[in-house]
Amino acid sequence: MSAVKIIYLLSGALLLSGCYGGSQTTVNDTAATATEFNWNLPPQMALPVEPLNNPVTEAKFQLGRHLFYDKRLSGGGAISCASCHEQNKAFTDGKVRPRGGAGDLHPRNSQGLANAAWFATVTWGNPSLTTLEQQIMLPLFGVDPIEHGINETNHPSILQSIVMDDLYQQLFAAAYPNSAPMEWSHIVESLATFVRGITSFRSAYDRYVAGDQSALSDSAKRGLQLFNNERLECFHCHDGHLFTDSVRDRSMRVVETPFHNTGLYNIDGLGAYPEPNTGAHEVTGRAAEMGAFRAPSLRNVAVTAPYMHDGSIATLEEVIRTYAAGGRNITEGELSGDGRRNPYKDSFIVGFSISEEEIADVIAFLNSLTDEQLLIDSRYGNPFE
Ligand code: HEC
Ligand code: HEC
């Protein structure tokens, strides 16, 4: 489902505000904004980009946090953002693929939301989604699949139930002192602000980077070295402080939005991935982008199983064995095909030999990327509990 279709669907409500077209999004890449927002960052992290028309404020963050956990913000009253993005799983849901409010199976695996403020593109493989504001329209108003199920018929009454609520009136007045009444655009902006404000840099690995040598076990230290060496090649795509090469921050003049085919499928022997999950190709139609997905950040990856865009790998051990094999050879069923021979496979996915002890070391390193505080921090928790 393209963002264009969504905007069409919502023409009654959102087109009026007219600020969600991808090309119109302006970013603040100059000085830091005047907002006093606590990003809770280590010194090496540059501030993330904020859209000029939606600067981050604490009051919007708090409004967004309530909306994120509120099931009233859905067609059937049974689903909230938190249904698929659970804090104790680093804002994933533990499912292979989630179901939306109308029972539709989403084609892709739920993603973690921590540090999403820095991702150069959002979602698994969509080059056209570059802001959280654009992305959040999809779960709210999308029909393929239906997630929150807000549509042309029910959106006025859903908005009304929020607008009439005393608590939301207070939160809204604090977030938008000069504009009333509350509209869908405010809801989208506040949700984006909450997500943008979820930062996660309190793992054992972060303590190690900050100078505490004892924060990592010897096994995790060996794993870190393996991760960063030319035999395993992991760091080429999972690089930097976020362990992804798809990053944008305020200090950058040039932003890259890379996508990679890691050789998971090859259903026709010519490189095809199963529909609709053909990666960036699904959006651009370019053959060379078949099966190309954004390298996910590996922070908190130990608590976000199952893995990959379709949740098709259950454990980190299996992920590492798949890379060691240079891709995945599926020998039975309708998805059969030798992903190792996918012609669109990235040149860094070539396979390598690795001992059992080394696999355990890489897993120990990946485990050290979990920010335990993120999982329980009341700042990001359900305000209604
Ligand atoms: C039915 C389950 C479901 C619901 C409800 C849901 N999401 Fe998601 N979310 C997903 C899935 C699945 C993806 C991956 C989407 C894709 O690749 O197309 C995702 C991706 C995202 C991303 C992109 C993260 C990244 O790493 O790029 C953000 C941000 C996000 N969701 C925020 C939200 C917000 C905010 C809400 C509430 C308005 C919400 N989601 C509701 C399942 C859900
Ligand atoms: C060529 C770029 C590239 C290289 C090299 C690479 N990865 Fe990945 N990684 C990706 C992409 C892209 C995905 C998502 C693929 C998909 O879903 O189809 C991914 C997914 C993952 C996941 C699953 C994350 C999640 O949230 O589902 C893990 C774990 C992972 N990689 C670890 C590693 C390790 C360990 C190595 C080194 C052995 C490595 N990667 C090498 C690009 C790369």
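Residues numbered from 1 in each chain as written. Chains lettered and ligands numbered in written order. Predicted model: local features only at pLDDT ≥ 70, side-chain atom pairs only at ≥ 80, totals over all residues. Heavy atoms only, no water.

Rules: UniProt positions are given in the numbering used here, feature names are shortened, and annotations may be inferred rather than shown by experiment.
The name given to the chain in an unreviewed UniProt entry is Di-heme enzyme, and the organism recorded there is Cellvibrio mixtus. According to UniProt, the comment filed for the chain under the heading Subcellular location (unreviewed entry) is "Periplasm".

## What to know about the coordination of the iron atom of ligand 2
Formally: Metal-coordinating donors are taken as N, O and S atoms lying within 2.8 Å of the metal, or within 3.2 Å when the metal is Na, K or Ca; because water is left out, some sites can appear incomplete. Donor angles set the geometry label: tetrahedral for four donors if every angle is between 85 and 135 degrees, square planar for four and octahedral for six if opposite donors exceed 155 degrees and the others are between 65 and 115, irregular for anything else. Only DSSP runs of H or I reaching four residues or more are called helices, and only runs of E reaching two or more are called strands; each is numbered from the N terminus. Exposure classes here rest on a 1.4 Å probe applied to the protein chains alone. A residue is buried below 20% of its type maximum, exposed above 50%, and partly exposed in between.
In the first shell of the iron atom of ligand 2, the protein supplies His 238 (NE2) and Tyr 323 (OH), at 1.9 to 2.1 Å from the metal. Around the iron atom of ligand 2 sit 6 donor atoms, and with donor-metal-donor angles ranging over 82 to 179° the site reads as octahedral. Residue His 238 is found in the loop between α9 (218–227) and α10 (280–284), and its partner Tyr 323 is found in helix α11 (residues 316–324); the two are separated by 85 residues along the sequence. Residue class for Tyr 323 comes out partly exposed when judged on its relative accessible area of 23%.

## Some remarks on the confidence of the model for the chain
Keep this limit in mind: Every residue carries a pLDDT, the predictor's confidence in it, which falls somewhere between 0 and 100. Contacts are residue-level and defined by heavy atoms, with any inter-residue pair within 4.5 Å sufficient.
Averaged over every residue, the pLDDT of the chain is 91; the share at 70 or more is 91%. Below a pLDDT of 50 lies the segment residues 1–34, which in the model reaches 59 contacts outside its immediate sequence neighbourhood of four places, other chains included.

## Observations concerning the packing of aromatic side chains
Applied cut-off: Paired rings are identified among Phe, Tyr and Trp, the last through its six-membered ring, by centres lying within 6.5 Å, and are further divided according to the angle between planes into stacked (under 30 degrees), edge-to-face (over 60) and tilted (the rest). A ring has a charge above it when a Lys NZ or an Arg CZ is no more than 6 Å from the ring centre and no more than 35 degrees off the ring normal.
Applying the stated criterion across every chain yields a total of 18 aromatic pairs. For the ring pair Trp 39 and Trp 118, a centre distance of 6.4 Å and an interplane angle of 65° mean the geometry is edge-to-face. One end of the pair, Trp 39, is in the loop between β1 (27–28) and β2 (50–51); the other, Trp 118, is in the loop between α3 (81–84) and α4 (132–141), and 79 residues separate them in sequence. Taken individually, Trp 39 and Trp 118 each receive the classification buried, so the pair is uniform in this respect. Centre to centre, the rings of Trp 118 and Phe 201 are 5.7 Å apart; their planes meet at 90°, and the pair counts as edge-to-face. Taken together, the positions of Trp 118 in the loop between α3 and α4 and Phe 201 in the loop between α7 (184–196) and α8 (204–209) put the pair 83 residues apart, joining distant regions of the chain. One exposure class covers both Trp 118 and Phe 201, and it is buried. Within the aromatic cluster, the residues linked to one another by ring pairs are Phe 37, Trp 39, Phe 61, Phe 68, Tyr 69, Phe 91, Trp 118, Phe 194, Phe 201 and Tyr 380. Above the ring of Tyr 265, the side-chain terminus of Arg 328 is found at 4.7 Å from the ring centroid. Stacked on the ring of Phe 61, the Lys or Arg Arg 379 has its end atom at 4.2 Å from the ring centre.

## Quick notes on the nonpolar core
Our working definition: Definition used in this section: a nonpolar core is a set of buried Ala, Val, Leu, Ile, Met, Phe, Trp, Tyr and Cys residues joined via side-chain atoms within 4.5 Å.
Residues Phe 68, Leu 73 and Leu 191 are the most contacted members of the largest nonpolar core, which totals 53 residues. Among the secondary structure elements, those contributing two or more residues to this core are α2 (58–68), α3, α4, α5 (155–163), α6 (166–175) and α7. The dominant element in this core, judged by the number of residues it contributes, is α7, at 7 residues. Once residues within four sequence positions are removed from consideration, Leu 191 is found in contact with Gly 64, Leu 67, Phe 68, Leu 73, Cys 81, Ile 136 and Leu 140.

## Observations regarding the coordination of the iron atom of ligand 1
The sole protein-derived ligand of the iron atom of ligand 1 is His 85 (NE2), positioned 2.1 Å away. Its place among the elements puts His 85 in the loop between α3 and α4.

## Re the domain arrangement of the chain
Which entries qualify depends on this criterion: Residue ranges for the domains originate in an automatic or database domain assignment. Buried area: the accessible area, evaluated with a 1.4 Å probe, that two parts lose upon being put together, summed over both parts. One speaks of a salt bridge when a side-chain nitrogen belonging to Lys or Arg is within 4 Å of a carboxyl oxygen belonging to Asp or Glu.
Domain annotation for the chain reports domain 1 (3–200) and domain 2 (204–367). If you average the C-alpha positions of domain 1 and of domain 2, the two centres end up 27 Å apart. Taken residue by residue, the interface counts 41 residues in domain 1 and 37 residues in domain 2. Among the residues of domain 1 in contact with domain 2, Phe 119, Ala 120 and Trp 124 are the three that bury the most area, contributing 19% of the side total. Taken together, the connections running from domain 1 to domain 2 amount to 2 salt bridges. Residue Glu 282 pairs with Arg 108 through a salt bridge whose shortest N-O separation is 3.5 Å.

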